[in-house]
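Here is what each chain is made of, one letter per residue.
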Amino acid sequence: MFVRRNPQLNRNDELIHLLSIEGLPASIVHHILDTAGTFLSVNDREVKKVPLLRGKSVFNLFFENSTRTRTTFEIAAKRLSADVINLDIARSSTAKGESLLDTIANLSAMHADMFVVRHSESGAPYLIARHCAPHVHVVNAGDGGHSHPTQGLLDMYTIRHYKRDFHELTVAIVGDIVHSRVARSDIHALTTLGVPEIRAVGPKTLVPGDLKEMGVRVCHDMAEGIRGADVIIMLRLQNERMGGAMLPSAGEFFKTFGLTAEKLALARPDAIVMHPGPINRGVEIDSSVADGKQSVILPQVTFGIAVRMAVMSIIAGNSA
Amino acid sequence: MSIAGLEAESLYAGLLAGVRGLLKPGGALVGIWSGGAWLAERLQRDLGLPGEAGVISSTLHRDDFSRRGLSAGAEVTKLPFEIEGRHIVLVDDVLYTGRTIRAVVNELYDFGRPASVRLAVLVDRGGRELPIEAACAVVKVELPASQRLSLARDSAGRFSFEIR
């Protein structure tokens, strides 16, 4: 029988693209996290740059806006000594009607070595990975509601940094799970790394019961959801979901599912609070918690650069 | 000398004497991961130097990255002292093509500008591909390119050579 290969791996099962955490073996996830640890120490040097991607061109293709993610990829690529080209696609050729694959073909003719892709359509990075030249590598920087693997990996790095062993943890992911590619990537990564209890916490409209199929415990009650948790991952409540059938109002959401000091007291005393940013103070998280002792939201950003350096250098070192 | 004569523990005594001669006042030892780091750790103790020896990895400056990629491992540079203006003695088990030394010197410079860098090794096996020589090489051997020579350390901390 013909078995379709994981498009992220070459024949030796080495990572050549990062498209999704789903289907990645735990050994590769650990390799990425270990390598990120090495790169974190580069920040302490006189010269905060290593020459691994010297002479390579990394193209940031953001078909959807995201200043923060694009910037962290840009910093990561520059610390690896790559040349970085940022393309504001939303305002360029695609607006003139050029197809995605024509855009890629043109950029390949400019000798691109790596594409970092953010797209509103799920699967767009897969399409690019399938059609680009064999020496070109693709990193998914978020595709539709599907996946945001580098965010998932930096979340795992953060958890490992503070909690060490994944096998005894209870992790609660709170908020708009159904529309969140971050939640999806986190759930796949936590499952791969052997976390025994993953909870998806939020109202029925944002945390549908069929999420159970992903191996998570669904909680529509905030207290039940965060009681005894080691890690709480708050998700950003996207403004566009507000006011419609999904949610009555931001104030209403904060009252029930917003993380306050009182609700955080239900978790383990040494629990950490994470958030992929940008945070909405007073909507999903109270300022006292976001700026509090248990918050690791800013370390997440620092770790994110090291994790992206790890991903880019690992895939660039493997050939198709 | 033949390969059979490579007795790591007795060669170590020669290295200790050689490094004692190379080390300038206020100088520091930096061992190249992994064999060189073990040697530097023991030299640090036997020479009565304060603090810990540095450990340096060639990973981030290797010239075969595009062919071999990044290996999984715990290779991390740890230099618990200022490099700027210091006399450094690099320590390694085996000197071969010189490519590791080239990478490691680049790595060292990411932390500052040393006053001088000397190299001390247990074994010089010839086969150089770069203009790099050791200031102290306890023994010189000729080995066919197909053979790999590296230092091993047992649980009691004793050294031996592995030939594959």
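Every chain is numbered independently, its residues counted from 1 as its sequence is written. Lettering for chains starts from A, numbering for ligands starts from 1, and both go in the order in which the items are written. Only residues with pLDDT of at least 70 are given local features in this predicted model, and only at 80 or more are side-chain atom pairs given and counted; all residues enter the totals for whole chains, interfaces and linings.

1. Here's the deal with the overall build of chain B
So, point 1. In terms of regular secondary structure, chain B is built from four helices and seven strands.
So, point 2. Our radius of gyration is a C-alpha quantity, and the globule rule it is checked against amounts to 2.2 Å times the number of residues to the power 0.38. Rg of the C-alpha trace for chain B: 15 Å, near the compact-globule value of 15 Å for 164 residues, within the 12% margin.
So, point 3. Burial in this document is a count-based property: other C-beta atoms within 10 Å of a residue's C-beta are tallied, and the residue is buried at 20 or more, exposed at 12 or fewer, or partly exposed in between, with C-beta positions derived from the backbone. Within chain B, buried positions represent 37% of all 164 residues.
So, point 4. Look at the contacts in chain B between residues 6 or more apart in sequence, and 72% of them connect residues 24 or more apart. Secondary structure elements are defined from DSSP: runs of H or I of at least 4 residues count as helices, runs of E of at least 2 residues count as strands, and each element is numbered from the N terminus. Note on contacts: each residue gets a C-beta atom placed from the backbone, and two residues are in contact if those atoms are within 7 Å.

2. Quick word on the interface of chain B and chain A
So, point 1. Chain B puts 11 residues into the contact, and the matching count from chain A is 15 residues.
So, point 2. Here the residues of the side of chain B that touches chain A sort into six nonpolar, four polar and one charged. Note that Gly is not counted as nonpolar here; it falls among the polar residues with everything else outside the nonpolar set of Ala, Val, Leu, Ile, Met, Phe, Trp, Tyr, Cys and Pro and the charged set of Asp, Glu, Lys and Arg.

3. Concerning the nonpolar core
So, point 1. Each nonpolar core comprises buried Ala, Val, Leu, Ile, Met, Phe, Trp, Tyr and Cys residues, the members being joined through C-beta atoms within 7 Å. Residues Phe115(A), Ile232(A) and Met312(A) are the most contacted members of the largest nonpolar core, which totals 99 residues.
So, point 2. Setting aside residues no more than four positions away along its own chain, Phe115(A) makes contact with Phe59(A), Leu61(A), Ile128(A), Cys132(A), Val136(A) and Val138(A).
So, point 3. Membership of the second largest hydrophobic core comes to 40 residues, among which are Trp33(B), Val94(B), Leu95(B) and Ala103(B).

4. Considering the confidence of the model for chain B
So, point 1. Confidence in the prediction of chain B, expressed as mean pLDDT, is 92, and 95% of residues score 70 or more.
So, point 2. Scored by ipTM, the complex comes to 0.80, with pTM at 0.90. pLDDT runs from 0 to 100 and stands for how confident the predictor is about each residue.

5. Let's talk about the sheet that holds strand β7 (residues 217–219) of chain A
All names here are of chain A.
So, point 1. The five strands are arranged β7-β6-β5-β8-β9 in an open sheet whose pairing can be described as parallel. A strand with exactly one partner marks an edge of an open sheet, and here the two such strands are β7 and β9 (272–274). Adjacent strand axes in the sheet meet at a mean angle of 20°, parallel and antiparallel pairs treated alike.
So, point 2. Any two strands with at least two DSSP-identified bridges between them are counted as paired. Sheet analysis places strand β5 (residues 170–174) next to strand β6 (residues 197–201), joined by five bridges and oriented parallel. Within β6, the residue paired with Ala 172 across the bridge is Arg 199. In this description, a line fitted to the C-alpha atoms serves as the axis of each element, helices being fitted only across the stretch in contact, and the angle between N-to-C directions of two axes falls anywhere from 0 to 180 degrees.

6. Comments concerning helix α1 (residues 8–22) of chain B
Residue and element names in this part refer to chain B.
So, point 1. The end-to-end C-alpha distance of α1 is 20 Å, a good match for the 21 Å that 15 residues give at a rise of 1.5 Å each.
So, point 2. Within α1, the full set of buried residues consists of Ala 8, Leu 11, Leu 15, Gly 18 and Val 19. The buried residues of α1 occupy an angular sector of 95° when projected down its axis, which confines them to one face. Facing away from the buried side of α1 by more than 90 degrees, the exposed set consists of Glu 9, Ser 10, Ala 13, Ala 17, Arg 20 and Gly 21.
So, point 3. Contacts made by the buried residues of α1 are with α2 (35–46), β3 (87–95), β4 (116–124), β5 (136–140), β6 (149–153) and β7 (159–163). Multiplying 1.5 Å by the residue count of a helix minus one yields the expected span of that helix. Taken from the helix axis, the directions to the C-beta atoms give the arc we talk about.

7. Observations regarding helix α4 (residues 99–109) of chain B
Residue and element names in this part refer to chain B.
So, point 1. The complete set of buried residues in α4 reads Thr 100, Ile 101, Ala 103, Val 104, Glu 107 and Leu 108. Along the axis of α4, the buried residues cluster in a sector spanning 160°; they form a single face.
So, point 2. In this structure, the buried residues of α4 make contact with β1 (28–32), β2 (54–56), β3 and β4.

8. Observations regarding the pairing of β6(A)
Residues and elements named next belong to chain A.
So, point 1. In terms of burial, β6 is a largely internal element, four of the five residues being buried.
So, point 2. Since β5 and β6 lie parallel, the crossover through helix α6 (residues 181–192) that links them has a hand, and here it is right-handed.
So, point 3. Here three bridges tie β6 to β7, and the two strands are oriented parallel to one another. Bridge assignment links Ala 200 to a residue of β7, and that residue is Val 218. Handedness of a crossover is defined as follows: orient the strands so they point away from the viewer, and if the path from the first strand over the helix to the second runs clockwise, the crossover is right-handed.

9. What about the sheet that holds β4(B)?
Residue and element names in this part refer to chain B.
So, point 1. Spatial strand order, β2-β1-β3-β4-β5: five strands in an open sheet with parallel pairing. Strands at the two margins of the open sheet, each flanked by one partner only, are β2 and β5. The average angle at which neighbouring strand axes cross in this sheet is 25°, direction not considered.
So, point 2. Of the pairings in the sheet, the one linking β3 to β4 comprises eight bridges and is parallel in character. Bridge pairing links His 87 to Ser 116 in β4.
So, point 3. Where α2 meets the sheet, its contacts fall on β1, β2, β3 and β4, and the angle it forms with β1 comes to roughly 150°.

10. A closer look at unusual backbone geometry
So, point 1. Of the consecutive residues Gly277(A) and Pro278(A), the connecting peptide bond is found in the cis state with omega at -10°.
So, point 2. Its location among the elements puts Pro278(A) in the loop between β9 and α10 (287–290).
So, point 3. Each neighbour pair has its own omega, and for Trp33(B) with Ser34(B) the value is 0°, a cis peptide bond.
So, point 4. Following the sequence through the fold, Ser34(B) ends up in the loop between β1 and α2.
So, point 5. Phi is positive for His111(A), close to 65°, though the residue is something other than glycine.
So, point 6. Its place among the elements puts His111(A) in the loop between α3 (100–109) and β3 (114–119).
So, point 7. Residue class for His111(A) comes out exposed when judged on the 11 C-beta atoms lying within 10 Å of it.

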